[in-house]
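As a plain string of letters, each chain reads:
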There are 2 protein chains.
Amino acid sequence: MTSADRAFRVLEEEIVSGRIPMGTKLGEESLASRFGISRGPLREALRRLEGRSLVVSAAHAGVRVVQLKTEDLIELYEVRESLEGLAVRLAAERGSDEEIRSLRAFVDSQAATRAPDDRDYSQGIGDEDFHYRIATVSGSKRLQNLLCGDLYSLIRLCRFRTWTIPGQKRSQEDHERIMQAIEERDGELADLLMRRHVAAARARFMTAEAASTKL
Amino acid sequence: MTSADRAFRVLEEEIVSGRIPMGTKLGEESLASRFGISRGPLREALRRLEGRSLVVSAAHAGVRVVQLKTEDLIELYEVRESLEGLAVRLAAERGSDEEIRSLRAFVDSQAATRAPDDRDYSQGIGDEDFHYRIATVSGSKRLQNLLCGDLYSLIRLCRFRTWTIPGQKRSQEDHERIMQAIEERDGELADLLMRRHVAAARARFMTAEAASTKL
DNA sequence: CCCCAGTTGATTGTCAACAATATAGGCGCT
DNA sequence: AGCGCCTATATTGTTGACAATCAACTGGGG
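Residues numbered from 1 in each chain as written. Chains lettered and ligands numbered in written order. Predicted model: local features only at pLDDT ≥ 70, side-chain atom pairs only at ≥ 80, totals over all residues. Heavy atoms only, no water.

(A) Inspection of the protein's contact with DNA strand C at higher detail. Near DNA strand C, the surroundings consist of 16 residues, among which A:Arg39, A:Arg43, A:His60, B:Ser3 and B:Ser38 are the closest. For DNA strand C, the backbone portion of the atoms within 4 Å of the protein, that is sugar and phosphate, comes to 71%. When residues of the surface near DNA strand C are traced back to their parent elements, those giving at least two are α3 (39-51) of chain A together with α1 (3-16) of chain B. Here the element with the most residues in the surface near DNA strand C is α3(A); it accounts for three residues. Tallied by class, the residues present in the surface near DNA strand C amount to four nonpolar, seven polar and five charged. (Near = heavy atom within 4 Å. Helix = DSSP H or I, 4+ residues; strand = E, 2+ residues; numbered from the N terminus. Nonpolar A, V, L, I, M, F, W, Y, C, P; charged D, E, K, R; others polar.)

(B) Just the protein's contact with DNA strand D, in detail. DNA strand D sits among 18 residues. The nearest are A:Ser3, A:Ser38, B:Glu28, B:Arg39 and B:Arg43. Sugar and phosphate atoms represent 69% of those atoms of DNA strand D found within 4 Å of the protein. The separation between a phosphate oxygen of DNA strand D and a polar main-chain atom of B:Glu28 is 3.2 Å. Between a base nitrogen of DNA strand D and a side-chain N or O atom of B:Arg39, the distance comes to 2.7 Å. Elements with a contribution of two residues or more to the surface near DNA strand D: α1 (3-16) and α3 of chain A together with β1 (25-26) and α3 (39-51) of chain B. Here the surface near DNA strand D takes three residues from α3(B), the largest share from any one element. Of the residues belonging to the surface near DNA strand D, the class tally is five nonpolar, eight polar and five charged. (Polar contact = N/O pair within 3.5 Å; in protein donor to acceptor, adjacent residues only side chain to side chain.)

(C) Seen up close, the interface of chain A and chain B. Counting residues at the interface gives 29 residues for chain A, matched by 29 residues for chain B. Buried surface at the junction of chain A and chain B, both sides included, amounts to about 2500 Å², of which 54% is carbon and sulfur. For the chain A face of the interface with chain B, the top three residues by lost area are A:Glu44, A:Glu75 and A:Arg142, together amounting to 25%. Along the contact surface separating chain A from chain B lie eight salt bridges. Applying the counting criterion to the chain A and chain B interface returns 12 residue pairs in polar contact (both at pLDDT 80 or more). (Contact = heavy atoms within 4.5 Å. Buried area = accessible area lost by both parts, 1.4 Å probe. Salt bridge = Lys/Arg side-chain N within 4 Å of Asp/Glu carboxyl O.)

(D) Examining the pattern of salt bridges more closely. By the definition in use, this model includes 50 salt bridges over all chains. B:Glu14 is the salt-bridge partner of B:Arg19, the closest N and O atoms lying 3.9 Å from each other. For B:Arg19, a relative accessible area of 63% corresponds to the exposed category. Given the relative accessible area of 7%, B:Glu14 is considered buried. A network of salt bridges, in which partner residues are shared, links A:Asp5, A:Glu44, A:Arg48, B:Glu28, B:Arg39, B:Arg43, B:Arg47 and B:Glu50. (Buried < 20%, exposed > 50% of the residue type's maximum accessible area, 1.4 Å probe, protein only.)

(E) Layout of unusual backbone geometry. Phi at A:Arg185 is positive, roughly 60°, even though this residue is not glycine. Residue placement: A:Arg185 occurs in the loop between α8 (168-183) and α9 (187-214).

(F) Structural context of the sheet that holds strand β3 (residues 62-65) of chain A. All names here are of chain A. Judged by pairing direction, the sheet is antiparallel, and its three strands sit side by side in the order β1-β3-β2 without closing on themselves. Looking at which strands have only one partner, the edges of the open sheet turn out to be β1 (25-26) and β2 (55-58). As judged from the two bridges shared by β1 and β3, these two strands associate in the antiparallel manner. When the bridges of β3 are listed, Leu26 appears paired with Val63. (Pairing = 2+ DSSP bridges.)

(G) View of the pairing of strand β2 (residues 55-58) of chain B. With four bridges connecting them, β2(B) and strand β3 (residues 62-65) of chain B associate as antiparallel partners. Bridging from a neighbouring strand, B:Val56 pairs with B:Arg64 of β3(B).

(H) The packing of α1(B) against helix α2 (residues 28-35) of chain B, seen in detail. Residues and elements named next belong to chain B. Remark: α1 packs on α2, axes separated minimally by 11 Å, with the N-to-C direction vectors making an angle of 110°. Looking at the two axes, α1 sits roughly perpendicular to α2. Where α1 crosses over α2, the two elements pack in a sense that is right-handed. Residues Ala7, Val10, Leu11 and Glu14 of α1 lie in contact with α2, whose contacting residues are Leu31, Arg34 and Phe35. (Axes fitted to C-alpha atoms, helices over the stretch in contact; angles between N-to-C directions. Parallel < 35°, antiparallel > 145°, perpendicular 65-115°, else oblique. Left-handed = near helix turned anticlockwise from the far one by under 90°.)

Below, the structure written as structure tokens:
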């Protein structure tokens, strides 16, 4: 593993997790000294981040962490809606029995470990994990990379805004129904339910956003 | 515009157009001398290509143009099907009257300029242009970048394989019906028709592929 | 007092040389 | 003759220095 690889992974994680806020300027020299490497490999790491749209760079003006506006997040959710529908359809139609059993076990464990008052956050993680696993079961590498590699990263980048009331009980019910559709190999129904599921998440975000901008 | 930018654009165009075949090794020194630049900027261009999945790089083993297998192309078509459905739905529901009129004018011009025997290729271009314009009218920057920037590039990269019988008359009829759905602001219908349209293209490719591998 | 131009400073873009590693070819061994 | 090892070469990874460009600051003029 090269030093540029390390810098890329660390920066990617820090940007996606929000530890480096949106719009932050990424000076080459300071970052290079921080990682203990030269500017050459660091610039390569930045270019890879640029290729993945996590940063934007203007010539002679440095690179900054991408700054997503409200419309950008809405667009991301729209794309995610379609792609997750496709993913769950493929998972239902082409997933192996073993994969589906494993997915069922996960859903049940999620339902069991959910403490009655454990609202906010562990549910968010569990929800994310559910979608992540479906992308895997879909069997489409390209789709998995698009969802897990690009979309989720960008959406998580704005997580602080979508820390709205998760409505996790409803989410849990959604998961259960989607799971049933998968087990019945009903790709079309799973697709429909999944689209509604993420559309609901988008709606929650939009109402929360509207409320916050009204203030 | 920096020299790394130039190298990136030229290489991107040459890879996507197929002038640099899949699997070709991209040596740094030869490319650098060809562009008249040093290895530093060239490496940055390669890293940007890597971020866009047009090349794959292994440490100390150089970078090669991505080599798409049959399953990869199928996966690309599946993703494209969903995303184009979304694009045309958004175009129908949110496109301005002016944009839709412009789109109609384009479809009509395509139907008019198509010479009766002009099969193979100008239709392929026209078809691509149609989808490109719909992505624009959808109004979603993210979707437009995904479709026009990433998916079409990778699909075109395999164009030599999908030079199958275009069935352009059927394609023209598809466009006409999709256009009508857009004009009626029927996003759901446009979505359905578009999905069928690209599913048909995928089916043509798959049968052609099956025939060629049977040989 | 305000505005514009020149200059200084810092940051980015580029280069050529050095170090590290994988691939290829030859040599010896079995 | 076939196989494994070892060297040699070529390519990649990394570095520090140099050049070019942009931004801020200062000084002079209106």
